[in-house]
Structures are given as structure tokens and as C-alpha cells.
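# Remarks on the overall topology
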Amino acid sequence: MNTESARELQAIDAQGRFDEGAWRNICARIAIAASKDCRQFFDQYVKVFSAGVDALLKTIPSEFHPAALKIAAQWDYAQTPSDIARGIREHNRAVLERIRAHGLSDSSDSNQNAER
């Protein structure tokens with residue numbers, strides 16, 4: 001992202017309006033860069049992505065932050081450690097659902113049932 005021009009990272013149009021499409025593209029670019037840096041660790045991805053969004057939020061007027069954050073949430077933006085933890089739980093839950101949908105068992109479920 002360091003080599004991208006400032007023009008490519010602008011979410012405010014020439015009339016001073018928030019450009020949702022441009023912000024979506026910016027979020028997608030940040031997400032791609034974060035996913036390359038995270039090496040498949042979801043919590044690391046969320047931290048890197050969220051830090052990138054936070055840095056760019058400083059470049060747009062605060063009146064547009066709610067709309068920008070709503071869009072960034074689609075890429076797992078998190079503002080606090082509890083947001084990150086909640087995102088990790090939701091991610092893990094979705095992965096387990098996909099595993100179960102394919103008829104596979106999760107070994108931790110078996111272990112939990114054996115302890116009960």
C-alpha cells in the first residue's frame with residue numbers, strides 16, 4: 001500500500017461527498033494486503049486490517065466515519081480487543097459449521113463430549 005498514490009486511496013469525491021464505492025475498493029485493498037501479512041491467522045488479519053482502516057479514517061471527515069466503519073465491518077473491521085475476540089469466535093463457529101455440513105466431525109467436539 002505504501003506505493004499507491006494518495007489519489008487511489010481517496011474516499012471523498014471532488015464535491016466533498018463520501019464515495020462508498022471508492023471506500024469499498026480501499027477496504028478491499030487493505031484486506032488483500034492484510035491477508036498477505038497474516039499467514040492464515042485470523043486475529044492477525046483483523047488487527048492489520050483494522051489498523052489500516054484506522055489510519056485512513058484520519059484522512060476523511062468524522063461525519064463519514066459511521067458509513068465508512070459499516071463498510072469496513074464487511075471485511076471484519078474491529079475497534080476493540082473484544083470486537084476482535086467476538087470476530088474470532090464467529091469465524092471459528094462458521095468454520096465448524098462448514099466442517100459439520102460436509103459430514104466431518106470436529107475432534108474438539110469429541111473431546112468435549114468425552115469430558116461431560
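Right above here is the structure, for reference.
Counting restarts for each chain: residues are numbered from 1 in the order of the written sequence. Given that the model is predicted, a residue must reach a pLDDT of at least 70 before its local features are reported, and side-chain atom pairs must reach 80 or more before they are shown or counted; all residues, however, enter totals for whole chains, interfaces and linings. Note: side-chain values were computed over all heavy atoms of the structure, leaving out hydrogens and water.

Looking now at the overall build of the protein chain. Secondary structure elements are defined from DSSP: runs of H or I of at least 4 residues count as helices, runs of E of at least 2 residues count as strands, and each element is numbered from the N terminus. For the protein chain, the count of helices and strands is 5 helices and 0 strands. Written out in order from the N terminus, the α and β elements of the protein chain read α-α-α-α-α. Put simply, the protein chain has 116 residues, and 28% of those count as buried. By definition in these notes, contact holds between two residues if any of their heavy atoms fall within 4.5 Å. Counting only contacts in the protein chain whose residues sit at least 6 apart along the sequence, the fraction spanning at least 24 positions is 57%. By element, 50% of the accessible surface of the protein chain is carried by carbon and sulfur atoms, the whole surface being about 8000 Å². Type-normalised accessible area, obtained with a 1.4 Å probe on protein chains alone, sets the label of each residue: buried when under 20%, exposed when over 50%, and partly exposed for intermediate values. Note that accessible areas follow from Shrake-Rupley with a 1.4 Å probe, and for residues the cover is restricted to the protein chains shown.

Residue types Ala, Val, Leu, Ile, Met, Phe, Trp, Tyr and Cys, when buried and joined through side-chain atoms within 4.5 Å, form a set referred to as a nonpolar core. In this structure, Phe18, Trp23, Tyr45, Phe49, Val53 and Leu57 are the most contacted members of the largest nonpolar core, which totals 26 residues. Within the residue set of this core, elements represented by two or more residues are helix H1 (20-38), helix H2 (42-57) and helix H3 (65-72). Residues in contact with Val53, not counting those within four places in the same chain, are Trp23, Ile30, Ala72 and Tyr77.

To continue, consider the side chain of Ser50. Here Ser50 lies in helix H2. A residue is classified by how much of its surface remains accessible, and Ser50, at 4% relative accessible area, is buried. Discounting chain neighbours no more than four positions away, the residues touching Ser50 are Asp76, Tyr77 and Ala78.

For Ala73, the location among the structural elements is in the loop between H3 and helix H4 (81-101). Along the sequence, Ala73 and Cys27 sit 46 residues apart, while their C-alpha atoms lie 9.5 Å from each other.

This brings us to the environment of Ala34. With respect to the element layout, Ala34 can be found in helix H1. For Ala34, a relative accessible area of 1% translates into the label buried. Along the chain, Ala34 and Val46 lie 12 residues apart, while their C-alpha atoms are 7.9 Å from each other. In this structure, Ala34 is in contact with Tyr45, Val48 and Phe49, ignoring residues within four places of it in sequence.

Only one rule defines a salt bridge in this text: a Lys or Arg side-chain nitrogen within 4 Å of an Asp or Glu carboxyl oxygen. Overall, the coordinates contain 2 salt bridges when judged by the stated rule. The salt bridge involving Arg17 is made with Asp13; its shortest N-O contact spans 3.0 Å. The salt bridge partner of Arg24 is Glu20, with a shortest N-O separation of 3.7 Å. Highlighted residues: Arg24 and Glu20, both in helix H1, separated by 4 residues, approximately one helical turn. Arg24 gets classed as partly exposed once you look at its relative accessible area, which sits at 32%. Classification of Glu20 by relative accessible area gives partly exposed; the value is 40%.

Read these as layout, nothing more, since geometry by itself doesn't imply function.
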